Amino acid sequence: MEHHFAQRIQRVRPSAIRQLLQLGDDPSITSFGGGYPDPSLFPVEQLREVYDHVLSQQGRTALQYTGTAGIPALRAQIAERMLRDGSTCAADDVLVLQGAQQGLDLVAKLLINPGDVIVTENPTFLGALVAFNPYEPDYAPVALDEGGMDMDALEQVLAGTPRAKFIYVIPDFQNPTGVTLSAARRHRLLELANQHDLIVLEDTPYRELRFEGEQLPTLHSLDTEGRVIHLGSFSKTLAPGLRMGYAVANRGILAKLELLKLAADTQSSTLNMTAVARFLTEFDLDAHLESVRPVYRAKRDAMLGAMEESFPADVQYTRPEGGLFTWVTFSPGFDAAGFMVEQALPEARVAYVPGETFFPTTSPATQASHYARFSYAGVPQEEMVAGIHRLGDLLAGS
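Structure report, in brief.

## With respect to the nonpolar core
If you look at the biggest cluster of nonpolar residues, it comprises 98 residues, and the most contacted ones within it are Leu74, Phe132, Phe166, Tyr168, Phe234 and Phe374. With nine residues, helix H12 (residues 285–310) is the single largest residue contributor to this core. In contact with Phe166, not counting residues within four places along its chain, are Val107, Leu111, Ile112, Val117, Ile118, Val119, Phe132, Leu198, Ile199 and Leu201. Membership of the second largest hydrophobic core comes to 22 residues, among which are Val117, Ala140, Val169 and Leu189.

## Structural notes on the packing of aromatic side chains
A ring pair, where both rings are aromatic, is described by two values, the distance of the centres and the angle of the planes. Inspection of the entire model under this criterion finds 13 aromatic pairs. Ring plane angle 15 degrees and centroid distance 5.3 Å describe the contact between Trp327 and Tyr371, whose orientation is recorded as stacked. Placement of the pair is Trp327 in strand E11 (residues 325–329) and Tyr371 in strand E14 (residues 371–375), with a sequence separation of 44 residues. With relative accessibility at 6%, the residue Trp327 sits in the buried group. Residue Tyr371 is classed as buried on the basis of its relative accessible area, which comes to 17%. Grouping aromatic residues by their ring pairs yields a cluster made of Trp327, Phe358, Phe359 and Tyr371.

## Overview of the environment of Pro123
Structurally, Pro123 is set in the loop between strand E3 (117–122) and helix H6 (126–132). On the accessibility criterion, Pro123 (3% relative accessible area) is buried. Sequence separation between Pro123 and Ile388 is 265 residues; the distance between their C-alpha atoms is 23 Å. The residues contacting Pro123, other than those within four sequence positions of it, are Leu144, Gln174, Pro176, Thr177, Trp327, Phe358 and Phe359.

## What about unusual backbone geometry?
With an omega of 10 degrees, the peptide bond between Asn122 and Pro123 qualifies as cis. Along the chain, Asn175 connects to Pro176 via a cis peptide bond; the corresponding omega equals 25 degrees. With respect to the element layout, Pro176 can be found in the loop between strand E6 (164–169) and helix H8 (183–196). Backbone geometry places Arg243, a non-glycine residue, at a positive phi of 50 degrees.

## Describing the pairing of E3
Counting buried residues along E3, six of its six residues qualify, which places the element largely inside the surrounding structure. By the bridge criterion, six bridges tie E3 to strand E4 (residues 138–145) in an arrangement that is parallel. Each residue of the ladder has a partner; that of Val117, found in E4, is Asp138. Once the chain exits E3 it traverses H6 before rejoining the sheet at E4, and the crossover so formed is right-handed. Where E3 meets E6, four bridges bridge the pair, whose relative direction is parallel. Looking at the pairing, Val119 lines up with Ile167 of E6.

## Remarks on the pattern of salt bridges
Tallied over the full model, the rule gives 29 salt bridges. Between Glu208 and Arg81 there is a salt bridge, and its shortest N-O distance comes to 2.6 Å. You can see Glu208 sitting in the loop between strand E7 (199–203) and helix H9 (219–222) and its partner Arg81 sitting in helix H4 (residues 72–84), a full 127 residues away along the chain. On the accessibility criterion, Glu208 (23% relative accessible area) is partly exposed. The class of Arg81 is buried, set by a relative accessible area of 16%. Taking the shortest distance from any N to any O, the salt bridge between Arg297 and Glu212 comes out at 3.3 Å. One end of the pair, Arg297, is in helix H12; the other, Glu212, is in the loop between E7 and H9, and 85 residues separate them in sequence. Residue Arg297 is classed as partly exposed on the basis of its relative accessible area of 34%. Salt bridges linked by common partners bring Glu80, Arg81, Arg84, Glu208 and Asp286 together as one network.

## Some remarks on the pairing of E14
Most of E14 sits inside the fold, with five of its five residues counted as buried. Judged from the five bridges that link them, E11 and E14 form a sheet pairing that is antiparallel. In the strand pairing of E14, Phe325 is matched with Ser375. Where strand E13 (residues 353–354) meets E14, two bridges bridge the pair, whose relative direction is antiparallel. If you follow Val353 over to E14, its bridge partner there is Arg373.

## Notes on H12
An ideal rise of 1.5 Å per residue puts 38 Å on 26 residues; H12 measures up with 37 Å between its terminal C-alpha atoms. Put simply, Asp284 is the residue that caps the front of H12, since its side-chain oxygen is 3.0 Å from the backbone nitrogen of Asp286.

## A few points about the sheet that holds E11
One open sheet accounts for four strands, arranged E10-E11-E14-E13; its pairing is antiparallel. The open sheet terminates on both sides in strands that have one partner only, identified here as strand E10 (316–317) and E13.

## With respect to the environment of Leu260
Structurally, Leu260 can be placed in helix H10 (residues 251–265). A sequence separation of 192 residues divides Leu260 from Thr68, and the C-alpha atoms of the two residues are 9.8 Å apart. Ignoring sequence-local partners within four residues, the contact set of Leu260 consists of Leu106, Lys109 and Leu110.

## Details of H4
Given a rise of 1.5 Å per residue, 13 residues ought to cover 18 Å, and the 18 Å separating the end C-alpha atoms of H4 matches this to within 8%. For H4, the full list of buried residues reads Leu74, Arg75, Gln77, Ile78, Ala79, Arg81 and Met82. Elements in contact with the buried residues of H4: strand E2 (94–97), H9, strand E8 (228–233), strand E9 (245–248), helix H11 (270–282) and H12.

Rules behind the numbers
- Residues numbered from 1 in each chain as written.
- Predicted model: local features only at pLDDT ≥ 70, side-chain atom pairs only at ≥ 80, totals over all residues.
- Heavy atoms only, no water.
- Core = buried A, V, L, I, M, F, W, Y, C linked by side-chain atoms within 4.5 Å.
- Buried < 20%, exposed > 50% of the residue type's maximum accessible area, 1.4 Å probe, protein only.
- Helix = DSSP H or I, 4+ residues; strand = E, 2+ residues; numbered from the N terminus.
- Contact = heavy atoms within 4.5 Å.
- Phe/Tyr/Trp six-rings, centres within 6.5 Å; stacked < 30°, edge-to-face > 60°.
- Pairing = 2+ DSSP bridges.
- Right-handed = clockwise from strand over helix to strand, strands pointing away.
- Salt bridge = Lys/Arg side-chain N within 4 Å of Asp/Glu carboxyl O.
- Expected span 1.5 Å × (residues − 1).
- Polar contact = N/O pair within 3.5 Å; in protein donor to acceptor, adjacent residues only side chain to side chain.

Printed below as a string of structure tokens:
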């Protein structure tokens, strides 16, 4: 039987990450592929106390429907954290989401007609491409370096892209590269967005995981024209299984996103929203983060130290100041995907994410095959170091 699917489904493809890493779905494999936080850092006992209290004392309301925007207490707490981070924000400027990933989908649904252009970093977050693709956009990728998106390149791209609808950027510890957008470039990006009358979609799931260097202002806090949609998440700070994210934007945009969320899922989980609000009231999230950051810093140092010791000299990698990822650049012509499937998995028992899948568009000029993303977050440190050394030995002999 032939089904008459909508044309947009042709743009929906299985995740290349999931397809490749199915090969590593084995406890004997050391996987640097997933962007998973370290599960040993989840505040399990505090959350158990929170859920016990919520169900015993607030169960009749916590298990009931609530408004699409989210429970008022949590929205107010998010607004307060945004205020402390430099933004002008009130509870009515906050929409609670099923993780920041839902925000990517809702923004694309709100803004993109087929053939409109999304301006992205190059490379960019694969999950964003998965969310955007069903709405049939084109992409205008902009090169980045150690200071984030190149503003001269962005200016040239915008000058030649009349159908640009919005700029998508991960300014803090970008996924997949780990680089951070410099302060000067943040100001310049907003100047260009104002000049071209573009929305800026700021995705910040890793922002609170800075373990080195100076905290930089959010784009939302620098925005004077109400054009930044800020996405945040509790996935990397509390636990991804809570599926708690949020959007902060001007109220005209937020009202439309709320209508789209109503159509998509009615609301986020009342139980989980109530639990997160209770956690923020009874426990100190900032103190929890202070205990988490040194762990990730030690893991980053361990991974990069092992790479320095064992990888060939022509292999380069970024040194992130926070977040979960480093971006590895092999020599030109190296096939990271082929090497992983044919050698790294069967011989070194190691998996990573080949870099080509993170590029919105591919061409011979992109030379995307010789990149890879490695996460230092989810693997125990001793296992991680051993896995990197096994991979280094294999690379040295290839």
